[in-house]
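Residues per chain are reported as follows:
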Amino acid sequence: MNPKLDTPQRPLPQGSARPGFENVVLRLIKGAPERLAIEAGQVDAIIDTASGTAILLPEAQRALIERKTRFRSLVALCSDWHWQQDEHHRFAARESAGAGKPGIDDATIIGKTLWEMPFDNMSEADWQTHRNQLEWRATFNDLELRYVDRAGEVRYISVDGEPIFDEQDEFRGYRGTARDITGRKRTEVLLQGPDRHARSALDALAAQICVLDPAGTVIMANTAWCACAVNSGIGTGVLEGDNFLAVCDGAAGNERTAGGAIAAGIRKVIAGERELFRHEYATDTPGGPVWIVLTVTGYRADSAARAVVSRETIAGRKRAEPLLELDYTVANQAPDASRQISRRISIANSLLAALPDAEYQRLLSGLEPVTLTYGDVLYAPGAPIRHVYFPIDSLVSLLTTVDNRRHALEVGLIGHEGMVGISLALGISVSPVRALVQGTGTAMRMEAAPFCKELLQSMPLQRMLYRYTHALMAQFAQTAACNNFHSVEARLARWLLMTRDRLLSNEFRLTHQLLAEMLGIRRGGVTTAAGALQKRKLISYSRGNIRILDRKSLEAAACRCYRIIKNLQGSKPAWPEAVSGRP
Amino acid sequence: MRRKKPGRGASGPAATTVVVMNLYIANNAPNSVQAVANIEAICKEHLKDNFKLEIIDVLEYPLRALADGILVTPSLAKLSPTPAAKIIGNLSDKSKVLIALGLTGKVA
């Protein structure tokens, strides 16, 4: 039986002020102990033997009424309105707990069931589950419903309800409360999780983080972002309410290029064209140049897209790292911008670097540097190839899709050693694979038409590309066999090493989901394999950051395919090398 | 309002007797609330798990109280072990409750 919180049945109409009340009570109570207890004020109710009902004494009655009032005000505090439904679950009454509280209009609610109302987040199956609950006369809590109010704004309410029974235990309907939880839901969505401590968690982070609305206005910024005392380059001093995009667009001087790239990246993320955007840039501070990485991730809240921007100084991170076996250790040890830049220039594309000077100079007029960002799709399967790309420090993955593109498997990985769009060199202007950028960085890009023209004119370029095509074909073949025969762990190790070789970095960002797609396995398989490698201290993996700790042992853990693919780059040419390599 | 605390079976030779009691109250009226708190405290302290207490809200079940011969609430009726006893009031007088429940001998 449910506890009843209504006023008790048949209370005395007035308090002890009523004349003769004491006499009535004392007439009803004949026993001495009862009388003594009443006189001591220790009795709440007496039973009227004639009517078989309980009669509350005035004190108790007052207390209960006060309690009920208090209860009502508590209900009002924690809910926006209460409601009652009849036995057919149609709303019979709805009362706002306070003026000005948001809610659904009476006109639209009375006489209707919940499922007849314009809530848009419940499927027919969800409503059936709810109706079953009602049929079982179960109490329901936190039924979250979404609707669009008259102002066109998306709102959420949370509804609690319990069944009501009359004295004969007959079901009489439901009653309950509802709260407008739009604010909470928005915050939840903002924080990408139901954790209401997330905001304070964000504040506790050292990384500078802010959230942008679709227009680029900062709607939330954590403490680190707000307190950013050192110059963090673009967007320093942009606080809640300011427009980050406008600041990027308006960046001047040295920051103009970076500002434009960041603004474009954020717009792509907000438009949903890309999940993640990373941009590294240098900024001058009184203490010297500082490298900063800006990461933008997108998500959809309500119907609007938002972007989370985080800013970190890489110099500090790099300094904190133990000495790793990096190809560019020296360049990385000192937070010296000029060395950083020289490193960037020295890592050119191997194919371009192998061209004779004259050929290279001719090609150069058609080449333009572009930033490829993580998540960019350069070609879709079957789509025309508009540009060819020579990655410098970016990484592009070639994926074959099956089952209406539901599943994808990586067949090739291209970095500074190769070219993306090799089909064009073979006379085919349509890409058979999807080319997805895996590592943000720069590349040299050339339009398809001038490239084809150059190719026809330049024998060295042809030879070089044929050799490269051979290497790529062999990589495809080896990868296909590897995916079929080798263990997930060995394949993961191979993939990490290949990525390392191409990015020239022992550290990169990868999610489980992406790795699973690359290797054509389930996410669980990635977790196990990555866990095993981590346990052997070959890699460290946390929150999508992978770091290779022991390259040699990782090579030992990888399948032989890694060596085979790596050696392909140095295959002996059938034609005599008539050209000298560029230094 | 009805709450039941099932007494567990005999756990030790000295405390094998399960005390069965009914407490009649009037919803959340002040004396009733006090009585519930007092009896719960006494049971916890002196009876451990060897008791069975049923709380009956007379506003919901007036006829039950009438049938049990209860005229006012709060009232505590000890049903077993015999002799039966009845205490009226908010049970704030702990010694009186202990005597009525026959627990005086066990109190130090």
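Values in this document were obtained by computation on a predicted structure and should not be read as measured data.

Colleague: Describe in detail the overall build of chain A, supporting the description with residues and values.
Modeller: Assigned secondary structure in chain A consists of 23 helices and 22 strands. Counting over 583 residues, chain A shows a buried share of 48%. Put simply, of all contacts in chain A between residues at least 6 apart along the chain, 59% involve residues at least 24 apart. A total accessible area of about 29200 Å² is found for chain A, and carbon and sulfur atoms account for 53% of it.

Colleague: Can you lay out the interface of chain A and chain B for me, pointing to particular residues and giving the numbers?
Modeller: Interfaces are frequently sized by the accessible area removed from exposure as the parts join. Tallying the contact residues gives 26 residues for chain A and 26 residues for chain B. Summed over both sides, the interface of chain A with chain B buries roughly 2100 Å², with 61% coming from carbon and sulfur. A salt bridge links B:Lys86 to A:Glu34; the nearest nitrogen and oxygen atoms lie 3.6 Å apart. The tally of links from chain A across to chain B stands at 7 residue pairs in polar contact (both at pLDDT 80 or more).

Colleague: Describe the pairing of strand E16 (residues 395-402) of chain A, listing the residues and the values that go with them.
Modeller: Residues and elements named next belong to chain A. Across the 8 residues that make up E16, a large majority, 6, are buried. With 5 bridges connecting them, E16 and strand E18 (residues 434-439) associate as antiparallel partners. Bridge assignment links Leu398 to a residue of E18, and that residue is Ala435. As paired elements, E16 and strand E17 (residues 407-414) share 7 bridges and run antiparallel to each other.

Colleague: Quick one: what's the story with the pattern of salt bridges, residue by residue and with numbers?
Modeller: In the structure shown here, the tally under the stated rule is 25 salt bridges over all chains. Taking the shortest distance from any N to any O, the salt bridge between A:Arg172 and A:Glu87 comes out at 3.8 Å. One end of the pair, A:Arg172, is in strand E7 (residues 171-180); the other, A:Glu87, is in the loop between strand E3 (81-85) and strand E4 (91-96), and 85 residues separate them in sequence. A salt bridge links B:Arg64 to B:Glu54, with the shortest nitrogen-to-oxygen separation between them at 3.1 Å. Taken together, the residues span a long stretch of sequence, with B:Arg64 in helix H2 (residues 62-67) and B:Glu54 in strand E3 (residues 51-57) at a distance of 10 residues. Exposure remark for B:Arg64: the relative accessible area of 24% places this residue in the partly exposed category. Among the charged side chains, a network of salt bridges with common partners joins A:Glu87, A:Asp166 and A:Arg172.

Colleague: Break down the sheet that holds E3(A) for me, with residues and values.
Modeller: Residues and elements named next belong to chain A. Read from one edge of the open sheet, 5 strands run E4-E3-E7-E6-E5, paired in antiparallel fashion. Where the open sheet ends on each side, the last strands, each with one partner, are E4 and strand E5 (140-148). Ignoring strand direction, the axes of neighbouring strands in this sheet form an average angle of 25 degrees. Of the pairings in the sheet, the one linking E3 to E7 comprises 5 bridges and is antiparallel in character. In the sheet register, Trp81 faces E7, and the bridge partner there is Ala178. Together, E5 and E7 form the strand contacts of helix H5 (residues 124-135), whose direction differs from that of E5 by roughly 140 degrees.

Colleague: For the packing of helix H20 (residues 512-519) of chain A against helix H21 (residues 523-535) of chain A, give the residues involved together with the corresponding values.
Modeller: All names here are of chain A. In the contact formed by H20 and H21, the axes pass within 8 Å of each other and the chain directions differ by 100 degrees. With respect to each other, H20 and H21 are oriented roughly perpendicular. Residues His512, Gln513, Leu515 and Ala516 of H20 form the contact with H21, whose participating residues are Arg523, Val526 and Thr527. Grouping the constituent residues of the contact of H20 with H21 by class yields 3 nonpolar, 3 polar and 1 charged.

Colleague: Could you give an account of the nonpolar core, with specific residues and numbers?
Modeller: All names here are of chain A. With 38 residues, the main nonpolar core has Leu378, Phe390, Met419, Val420, Phe451 and Leu465 as its most contacted residues. For this core, the leading source of residues is helix H18 (residues 459-485), giving 5 residues. Excluding residues within four positions of it along the chain, Phe390 makes contact with Asn349, Leu351, Leu352, Leu367, Gly418, Met419, Ala443, Met444 and Phe451. Residues Met498, Leu515, Ile546 and Ile565 belong to the second largest nonpolar core, which totals 35 residues.

Colleague: For the packing of H18(A) against helix H19 (residues 488-503) of chain A, give the residues involved together with the corresponding values.
Modeller: Residue and element names in this part refer to chain A. One can describe the packing of H18 onto H19 by two numbers: an axis separation of 11 Å at closest approach and a directional angle of 150 degrees. Taken as axis vectors, H18 and H19 run roughly antiparallel relative to one another. H18 and H19 meet at a crossing whose hand is left-handed. Residues Gln475, Thr479, Cys482 and Asn483 of H18 lie in contact with H19, whose contacting residues are Arg491, Arg494, Met498 and Arg502. Its residues assigned to classes, the contact of H18 with H19 shows 2 nonpolar, 3 polar and 3 charged.

Colleague: Residue-level account of the packing of aromatic side chains, with values.
Modeller: Residue and element names in this part refer to chain A. Scanning the model with the defined rule gives 9 aromatic pairs over all chains in all. Geometrically, the ring pair formed by Trp83 and Phe140 is stacked, given 6.3 Å between the ring centres and 20 degrees between the ring planes. Of this pair, Trp83 sits in strand E3 while Phe140 sits in strand E5; the two residues are 57 residues apart in sequence, bridging distant segments of the chain. According to the relative accessible area criterion, Trp83 is buried, its value standing at 4%.

Colleague: Talk me through the environment of A:His89; I want residue IDs and the actual numbers.
Modeller: Residue and element names in this part refer to chain A. If you trace the backbone, His89 turns up in the loop between E3 and E4. Sequence separation between His89 and Gly111 is 22 residues; the distance between their C-alpha atoms is 8.8 Å. Contacts of His89, omitting those with residues within four sequence positions, involve Lys112, Thr113, Leu114, Trp115, Leu134, Glu135, Arg137, Phe171 and Tyr174.

Colleague: Outline the sheet that holds strand E15 (residues 387-391) of chain A, supporting the account with residue identities and numerical values.
Modeller: All names here are of chain A. Here we have 3 strands laid out as an open sheet, ordered E13-E19-E15, and antiparallel in their pairing. Lying at the two open borders of the sheet, with one neighbouring strand each, are strand E13 (367-372) and E15. In this sheet, neighbouring strand axes are inclined to one another by 35 degrees on average, regardless of whether the strands run parallel or antiparallel. Here E13 runs beside strand E19 (residues 441-447); their pairing, made up of 6 bridges, is antiparallel. The partner of Val370 across the bridge, within E19, is Ala443. Along the sheet face, helix H17 (residues 448-457) touches E15 and E19 and points at about 75 degrees away from the line of E19.

Colleague: Which residues make up the environment of A:Gly183, and what values go with them?
Modeller: All names here are of chain A. Inspection of the secondary structure assignment puts Gly183 in helix H6 (residues 182-190). Take Gly183: its relative accessible area is 43%, and that puts it in the partly exposed class. Distance in space between the C-alpha atoms of Gly183 and Arg155 is 8.5 Å, their sequence separation being 28 residues.

Colleague: Residue-level account of the side chain of A:Ser431, with values.
Modeller: Residue and element names in this part refer to chain A. Tracing the chain through its elements places Ser431 in the loop between helix H16 (422-425) and E18. Among the polar contacts made by the side chain of Ser431, one reaches the main-chain carbonyl oxygen of Val433 at a distance of 2.7 Å. In contact with Ser431, not counting residues within four places along its chain, are Tyr379, Ala380, Pro381, Gly382, Ala383 and Ile385.

Colleague: How would you sum up the confidence of the model for chain A? Please name residues and give values.
Modeller: Residues and elements named next belong to chain A. Mean pLDDT over chain A: 75, with 76% of residues reaching 70 or higher. Taking the mean pLDDT of every element in chain A, the minimum, 35, falls on helix H12 (residues 329-333) and the maximum, 91, on E15. Every residue in residues 1-19 scores below 50 in pLDDT, and together they form 32 contacts with partners more than four places removed in sequence or on other chains. In the predicted structure, residues 576-583 sits below a pLDDT of 50 and forms 17 contacts with residues beyond four places in sequence or in another chain.

Each value, and the rule that gives it
- Residues numbered from 1 in each chain as written.
- Chains lettered and ligands numbered in written order.
- Predicted model: local features only at pLDDT ≥ 70, side-chain atom pairs only at ≥ 80, totals over all residues.
- Heavy atoms only, no water.
- Helix = DSSP H or I, 4+ residues; strand = E, 2+ residues; numbered from the N terminus.
- Buried < 20%, exposed > 50% of the residue type's maximum accessible area, 1.4 Å probe, protein only.
- Contact = heavy atoms within 4.5 Å.
- Areas by Shrake-Rupley, 256 points an atom, 1.4 Å probe, with all protein chains shown as cover.
- Buried area = accessible area lost by both parts, 1.4 Å probe.
- Salt bridge = Lys/Arg side-chain N within 4 Å of Asp/Glu carboxyl O.
- Polar contact = N/O pair within 3.5 Å; in protein donor to acceptor, adjacent residues only side chain to side chain.
- Pairing = 2+ DSSP bridges.
- Axes fitted to C-alpha atoms, helices over the stretch in contact; angles between N-to-C directions.
- Parallel < 35°, antiparallel > 145°, perpendicular 65-115°, else oblique.
- Nonpolar A, V, L, I, M, F, W, Y, C, P; charged D, E, K, R; others polar.
- Core = buried A, V, L, I, M, F, W, Y, C linked by side-chain atoms within 4.5 Å.
- Left-handed = near helix turned anticlockwise from the far one by under 90°.
- Phe/Tyr/Trp six-rings, centres within 6.5 Å; stacked < 30°, edge-to-face > 60°.
- pLDDT = per-residue confidence, 0-100.

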